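Chain by chain, the residues run as shown.
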Amino acid sequence: MQQIRRNRRLRTNDAIRSLVRDHVITPNDFLVPLFVVEGTNIKEEITSMPGYFRYSLDLLKAEVKEIWSLGLKSVLLFVKVPDELKDNKGTEALNPDGLMQRAVRTVKETIPEMLVMTDVALDPYSSYGHDGIVQDGYIVNDETCKVLAEMSLSHAQAGADFVAPSDMMDGRILAIRELLEKESYKNTGIMSYSAKYASAFYGPFRDALDSAPGFGDKKTYQMDFANREEAIKETLMDIDEGADIVMVKPGLCYLDLVRDVRDAVDVPVAVYQVSGEYAMLKAAAEKGWLDHDAVMLEQVMAFKRAGAHIIASYFAKDVVKLLG
């Protein structure tokens, strides 16, 4: 019998492969995480994240300008808080002149059109390194939610376009949304870390912010990585409480969850390619075991193919430079 259907015809050369390709990566797909520190003229490489840096506010301006020049339009801010400003209640998080608030203003003054999202969690501000207030060795939920809502309001007042709660406390989206509405910040969006798992891939990030838990772990609030259906429950609850964008974190080991969430919701879905995923590729490439750029592009395409509308990635600049 003569072969009639030959699928390889659509793979013959780059032109036809490009023409029939299902998914395309563009700068519009990316959310760029940025780490900010106190001081001046500081650009510190993060040891466990080669090629990624912490910036003081003066040098943050140049970084934001470069990001914008590459066609990247959205940033997600994180701050490294000095130890002397940390306590159990995250008091510094509410300081209107705190590092996060000043970082938001710096970005907006530098590139007013840049979309600014802010990390909302207590771990960078906590003397215990946990995402909530600690009482008798337990991370309390409702008291923490009140602080997270006030923290979000402070970020909105500084000029943040979106707040991004990464803590996994129950009910925090509703608490944040209600306070933002009450204080007339109706247009401030919420990107919720809806399905955030208790993962071993976060190590380099915690080095970057000095935010590792001082005791125990985060398994009483972050999700069990053995669970799948729970991700949908958590995500739908966040949407009901007012989340505008939902996120799955980490990324590569959780592509099934990205697809599950995308199929279940009618809001944009984000995925976070976390620090451990970044560090593994950097280490393997340094050893010559993997082609850095080829694997990087394959990974970000996997997120897009799985259904992510938004990819938070430390590779964002490298990817768009390759795209030309």
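Visitor: Provide a residue-level description of the overall build of the protein chain, including the pertinent values.
Guide: Counting its regular elements, the protein chain contains 11 helices and 12 strands. A compact globule built from 324 residues should have a C-alpha radius of gyration of about 20 Å, and the protein chain, at 20 Å, falls within 12% of that. Among the 324 residues that make up the protein chain, the fraction classed as buried is 53%. Nonlocal contacts in the protein chain, meaning residues at least 24 apart in sequence, comprise 74% of its contacts between residues at least 6 apart.

Visitor: I'd like a rundown of the nonpolar core, residues and numbers included.
Guide: Counting residues in each nonpolar core, the largest one holds 101 residues, and the members touching the most others are Phe30, Phe35, Leu60, Val75, Leu77, Met191 and Tyr272. Here this core takes 8 residues from helix 4 (residues 142–158), the largest share from any one element. The residues touching Val75, leaving out its near neighbours within four places in the chain, are Leu31, Val32, Leu34, Ile67, Val107, Met114, Leu115, Val116 and Met117.

Visitor: Residues and numbers for the packing of helix 3 (residues 99–110) against helix 4, please.
Guide: Where helix 3 contacts helix 4, the axes come no closer than 8 Å and their chain directions differ by 30 degrees. In this view, helix 3 runs roughly parallel relative to helix 4, as classed from their interaxial angle. Once helix 3 is placed against helix 4, the crossing between them reads as right-handed. Residue-level inspection shows Met100, Gln101, Val104 and Arg105 of helix 3 in contact with helix 4, the latter providing Ser154, His155 and Ala158. Looking at side-chain class alone, the contact of helix 3 with helix 4 contains 3 nonpolar, 3 polar and 1 charged residues.

Visitor: Tell me about the pairing of strand 1 (residues 30–37), and name the residues and values.
Guide: The side chains of a regular strand alternate, first on one face of the sheet and then on the other. For strand 1, the buried fraction is high: 8 of the 8 residues fall into the buried class. Covered by surrounding structure in strand 1 are Phe30, Val32, Leu34 and Val36 together with Leu31, Pro33, Phe35 and Val37, the residues of both alternating faces. One ladder, built from 2 bridges, connects strand 1 with strand 12 (residues 310–313); its direction is parallel. In the strand pairing of strand 12, Leu31 is matched with Ala312. Both strand 1 and strand 4 (residues 74–79) contribute to a ladder of 5 bridges, which runs parallel. Bridging from a neighbouring strand, Val36 pairs with Val79 of strand 4. Pairing between strand 1 and strand 3 (residues 49–56): 3 bridges, direction parallel. Looking at strand 3, one finds that Val37 is bridged to Ser56.

Visitor: Let's hear about the side chain of Thr110: which residues, and what values?
Guide: Inspection of the secondary structure assignment puts Thr110 in helix 3. A polar contact of 2.7 Å, which involves the side chain of Thr110, links it to the backbone oxygen of Thr106. Setting aside residues no more than four positions away along its own chain, Thr110 makes contact with Lys61, Val64 and Lys65.

Quick notes on the rules
Residues numbered from 1 in each chain as written. Predicted model: local features only at pLDDT ≥ 70, side-chain atom pairs only at ≥ 80, totals over all residues. Heavy atoms only, no water. Helix = DSSP H or I, 4+ residues; strand = E, 2+ residues; numbered from the N terminus. Rg over C-alpha atoms; globule rule 2.2 N^0.38 Å. Buried < 20%, exposed > 50% of the residue type's maximum accessible area, 1.4 Å probe, protein only. Contact = heavy atoms within 4.5 Å. Core = buried A, V, L, I, M, F, W, Y, C linked by side-chain atoms within 4.5 Å. Axes fitted to C-alpha atoms, helices over the stretch in contact; angles between N-to-C directions. Parallel < 35°, antiparallel > 145°, perpendicular 65-115°, else oblique. Left-handed = near helix turned anticlockwise from the far one by under 90°. Nonpolar A, V, L, I, M, F, W, Y, C, P; charged D, E, K, R; others polar. Pairing = 2+ DSSP bridges. Polar contact = N/O pair within 3.5 Å; in protein donor to acceptor, adjacent residues only side chain to side chain.

Everything listed is a geometric property; what it means functionally is a separate question.
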